[in-house]
Amino acid sequence: MFDLSMIKAVYERFPGRVAAARKAVGRPLTLTEKILYAHLTQGDATAAFARGKDYVDFAPDRVAMQDATAQMALLQFMQAGRAKVAVPSTVHCDHLIVAKDNSKVDLERAVNESKEVYDFLASVSNKYGIGFWKPGAGIIHQVVLENYAFPGGMMIGTDSHTVNAGGLGMIAIGVGGADACDVMAGLPWELKMPKLIGVKLTGKLNGWTAPKDVILKVAGILTVKGGTGAVVEYFGEGAVAMSCTGKGTICNMGAEIGATTSTFGYDESMSRYLKATGREAVAELADGIAEHLTADPEVYANPEQYFDQVIEINLSELEPHLNGPFTPDLATPISKMKEVAAANNWPTKVEVGLIGSCTNSSYEDISRAVSLAKQVAEKGLKTKAEFTITPGSEQVRYTIERDGFLDTFAQIGATVFANACGPCIGMWERMGAEKQERNTIVHSFNRNFAKRADGNPNTMAFVASPELVTALAIAGDLTFNPITDTLTNEKGEQVKLDPPSGYELPVRGFAVEDAGYQAPAEDGSGVNVIVEPTSKRLQLLDPFPAWEGTDLKGLKLLIKAKGKCTTDHISMAGPWLKFRGHLDNISNNMLIGAVNFFNEKTDNIKNQLTGEYGPVPATQRAYKAAGIGSIVVGDENYGEGSSREHAAMEPRHLGVRAVLVKSFARIHETNLKKQGMLALTFADKADYEKIQEDDSIDIVGLTEFAPGKPLTLVLNHADGSKDEISVNHTYNEQQIEWFKAGAALNIIRKQFGA
Ligand code: MIC
Ligand code: SF4
């Protein structure tokens, strides 16, 4: 499955490219810089790029897509006029499976319900030379780690947690589908040269502390936007001592701090993992250039000189953490939870513990969780909360079943869901969720935005390691500290849980019967891709119209969003996932989760044409019907979270012209640019206050739209007064062309004569 000849080619040029980069930059290099400079489209570096400033063209080695985003990525690719993808690419069917009964029933239901979409993805993959992973094969990031990731490689993926592959020493970056489309079409991929954050891990993990706690701690330090525009590079004795999959967990949640990606230098743990997953040949190749697959020695000896920011964490002292609710950066060490929960009046009864997901379903994770589940019977306990497992891949599921782990979990009443995203992305038909009761769940996933898991705004989700989730599910209590506290068993005795223990890799090796992979046809030219015009789930794309060549006058304020506005608020997942291949239908969820600044309600805004209040999508459709453009205003880190470009395409499709915010999350900002939208930021954040509910807004300066040159916004208030404010943007020459053409794809289409 993995492409050894591609990896060989990357490694053959790696040392030469690193040497050229070292010369161009004029100093020792971090690992991040080595990988980035080794993947320049231009070949050898001739000059250094300024971090946080220069846009750089890269040539990634691979593309990975998951089903919920692949539909839009491939609908765009179909317009690009190419016969085959230019780099190895894969599609993974993982997001559309509802977790309800158990893996078998749930998978069968999904395969029926989403047949049209799966058939579409399978046939497009077959036609264009893309590897296809069937529903049930596993979650994209776990499957990529097991099969495709390789030290020193560069990959992009249409999912923000693509960064998971940093655990195997890659630079792997989450992007929107339009970016994937470019790379599959053989075009360069552009990224602003990232800044560098170094995290030095000293000491050693022990007892109840897991790799997850490292990133939970880092999230607490850096917050959800602290990593924006930066790559996080982990190093130190604590990093080397950790398993490869543990490193994957840490990199995975780098998405939650907004980091471009995270990575670790090549070491023994990676070599062991490659060998255990059938890639001895890759390990051997990597061993051959090992010195290039980590930073130059000077860097880790003196990190302050080479990184923009350095954080040090002593793993020997690190405590298990619980992050949440509602945001992944609200970090509470377990020893403080009693106080903090009481102070915040969080419900302390744990209703459900959920382990697994792309973040935490390695063999090691599951074996450590199982060591706790075993103690339930041994110590005469009873598990107080519901408990569920979503394995990350069929290979992991098959192996943990063979090794008896699933039996042990069954004894504590666990439900095993399909190898898919399930509850993590709101594909969870949780009984009673519609009652919207205040309640607490703990999970080993990565995100915990409001409504994310079960659609209930009053569910408080706390993120933790699988070990801690298991312990808290057994105790049924959020404030239970397994390090110090005892539990009362069925006989009324006080018992303590022993710390978790497990295996980094299966002693008897991994096994699987059908991993779920379908290779594409050698020659796909005869393959037919069918999209029914009457389909509710798939819709061929019409090109977006080009810019009219003038300033934009009289735009209505659609919504001034207050506070957190993630991609889940802009284009909700859960039940809406089924429309990910149908732009018009999914547009009916546009911004329905965003809070209207003026009345603090969601999905309730003023229609300036009628003066009446109504849902956001309907109001925007009314403006569109009247031929009036609009503008969306937002707060900090707007578009945080997912890579879903629907969050940019929906407003574009419905006629929103600009999004003006205090700050953007990286992927979302790029997605907006790609789709021909104006992504603007307040030059003075205080101007956010000047935006009024009845404003008509003019965007001035577009005829001289140029890199680094602010634009002017005229706010025409209802009382006849005006405010003029300056707004910034980060468009470069190329991106301005995208805006003018109406979308980046309109340019590619011309290039390939489609
Ligand atoms: C997520 O974790 O939010 C998702 C669902 O995997 C998204 C992708 C999507 O919206 O399809 C992501 O993280 O990019
Ligand atoms: Fe799936 Fe959740 Fe991972 Fe996203 S974060 S890929 S939804 S398991």
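Residues numbered from 1 in each chain as written. Chains lettered and ligands numbered in written order. Predicted model: local features only at pLDDT ≥ 70, side-chain atom pairs only at ≥ 80, totals over all residues. Heavy atoms only, no water.

A closer look at the site of ligand 2
Counted only if it meets this: Here, proximity means that at least one heavy atom of the residue falls within 4 Å of the molecule or strand. Here the nonpolar group is Ala, Val, Leu, Ile, Met, Phe, Trp, Tyr, Cys and Pro; Asp, Glu, Lys and Arg are the charged ones; every other residue, Gly included, is treated as polar.
His95, His141, Asp159, His161, Cys358, Cys421, Cys424, Ile425, Asn446 and Arg452 make up every residue found near ligand 2. Its residues placed into classes, the shell around ligand 2 shows 4 nonpolar, 4 polar and 2 charged.

A word on the pattern of salt bridges
Applicable threshold: Here, a salt bridge means any side-chain nitrogen of Lys or Arg that lies within 4 Å of a carboxyl oxygen of Asp or Glu.
As enumerated under the stated definition, the model contains 37 salt bridges in all. It is possible to trace a salt-bridge network through shared partners that takes in Arg27, Glu33, Arg51 and Asp308.

With respect to the domain arrangement of the chain
In many reports, interface size means the accessible area that the parts give up when they come together. Spelled out, the test is: Those domain boundaries reflect an automatic or database domain assignment. For this analysis, residues touch if any pair of their heavy atoms sits within 4.5 Å. Here's the idea: put two parts together, see how much 1.4 Å probe accessible area each one loses, and the total over both is what we call buried area.
In terms of domain boundaries, the chain breaks down into domain 1 (4-316), domain 2 (320-482) and domain 3 (552-751). Averaged C-alpha coordinates put domain 1 and domain 2 at centres separated by 26 Å. Opposite the 43 residues of domain 1 that make contact, domain 2 presents 46 residues. Each partner contributes to the roughly 3,500 Å² buried at the junction of domain 1 and domain 2, and carbon and sulfur atoms together form 59% of this total. Here domain 1 is connected to domain 2 by 1 salt bridge. Notably, a salt bridge pairs Arg447 with Glu256, separated by 2.8 Å at the nearest N-O pair.

Focus: the packing of helix H8 (residues 211-222) against helix H10 (residues 244-252)
Going by this rule: A fitted line through C-alpha atoms represents every axis, and for helices the fit uses only the stretch in contact; the resulting angles, taken between N-to-C directions, go from 0 to 180 degrees. Numbering goes from the N terminus for both helices and strands, where a helix is a DSSP run of H or I of at least four residues and a strand is a run of E of at least two. In what follows, roughly perpendicular refers to angles from 65 to 115 degrees, roughly parallel to angles under 35, roughly antiparallel to angles over 145, and oblique to any angle outside these ranges. Should the near helix be turned anticlockwise from the far one by less than a right angle, the crossing is termed left-handed; should it be turned clockwise, right-handed.
Running from N to C, H8 and H10 point in directions that differ by 20 degrees, and their axes come no closer than 8 Å. Classed by the angle they form, the pair H8 and H10 counts as roughly parallel. Pair H8 / H10 crosses with right-handed handedness. Between H8 and H10, the contacting residues are Pro211, Lys212, Val214 and Ile215 on the first element and Gly246, Thr249 and Ile250 on the second.

Considering the side chain of His729
Put simply, the rule reads: Whenever a nitrogen or oxygen atom comes within 3.5 Å of another N or O atom, the pair is scored as a polar contact, on the condition that within protein one atom can donate a hydrogen and the other can accept it, and that pairs from neighbouring residues in sequence are kept only if both atoms are in side chains.
Note that His729 resides in the loop between strand E30 (722-728) and helix H25 (733-741). One polar contact links the side chain of His729 to the main-chain carbonyl oxygen of Ala706, over a distance of 3.1 Å. At 2.9 Å, the side chain of His729 forms a polar contact with the backbone oxygen of Lys709. When neighbours within four sequence positions are excluded, His729 is seen to be in contact with Ala679, Leu680, Phe705, Ala706, Pro707, Gly708, Lys709 and Leu711.

Looking at the pairing of strand E18 (residues 459-463)
To keep it simple, the criterion reads: Accessibility here uses a 1.4 Å probe with only protein chains present; expressed as a share of the type maximum, an area under 20% marks a residue as buried, one over 50% as exposed, and anything in between as partly exposed. Strands were regarded as paired on the criterion that DSSP finds at least two bridges between them.
In terms of burial, E18 is a largely internal element, 5 of the 5 residues being buried. With burial as the criterion, each face of E18 is covered, one bearing Thr459, Ala461 and Val463 and the other bearing Met460 and Phe462. Alignment of strand E17 (residues 439-443) against E18, held across 5 bridges, turns out to be parallel. The residue bridging Val442 from the neighbouring strand is Phe462, located in E18.

Section: the site of ligand 1
In the vicinity of ligand 1, 14 residues are found, and the nearest of them are Asp159, Ser160, Arg447, Arg452 and Arg644. Residue Ser642 places a side-chain N or O atom 2.8 Å away from an oxygen atom belonging to ligand 1. For the shell around ligand 1, the per-class residue count stands at 2 nonpolar, 7 polar and 5 charged.

Examining helix H3 (residues 67-79)
Here is the rule we go by: Multiplying one less than the number of residues by 1.5 Å gives the expected span of a helix.
Its 13 residues give H3 an end-to-end C-alpha distance of 18 Å, which sits within 8% of 18 Å, the value for a rise of 1.5 Å per residue. Buried residues dominate H3, accounting for 12 of its 13 residues. Every buried residue of H3 is listed here: Asp67, Ala68, Thr69, Ala70, Gln71, Met72, Ala73, Leu74, Leu75, Gln76, Phe77 and Gln79. The opening residue of H3 is Gln66, an N-cap whose side-chain oxygen sits 2.7 Å from the backbone nitrogen of Ala68. In the stretch just after H3, Gly81 is the one whose phi turns positive, near 80 degrees.

A few points about the packing of aromatic side chains
Here is the rule we go by: Ring pairs shown here join Phe, Tyr and Trp side chains whose ring centres sit within 6.5 Å, with only the six-membered ring taken for Trp; geometry is labelled stacked below 30 degrees between planes, edge-to-face above 60, and tilted in between.
This model, assessed by the stated rule, comprises 21 aromatic pairs. Aromatic pair Phe58 and Trp189: ring centres 6.5 Å apart, planes at 40 degrees, arrangement tilted. Here Phe58, found in strand E1 (residues 55-58), pairs with Trp189, found in strand E7 (residues 189-192); they are 131 residues apart in sequence, far enough to count as distant. As far as burial versus exposure is concerned, Phe58 and Trp189 are alike and both buried. Their ring planes at 50 degrees and their centres at 5.1 Å tell us that Trp133 and Tyr517 sit as a pair that is tilted.

Concerning the sheet that holds strand E27 (residues 678-682)
Reading around the circumference, E22-E25-E26-E27-E30-E29-E28 is the order of the 7 strands in this closed barrel, with mixed pairing throughout. Neighbour-to-neighbour, the strand axes of the sheet open up by a mean angle of 40 degrees, direction not taken into account. As defined by bridge partners, strand E22 (residues 552-560) adjoins strand E25 (residues 630-634) across 4 bridges and the pair is classed as parallel. Bridging from a neighbouring strand, Lys560 pairs with Val633 of E25.

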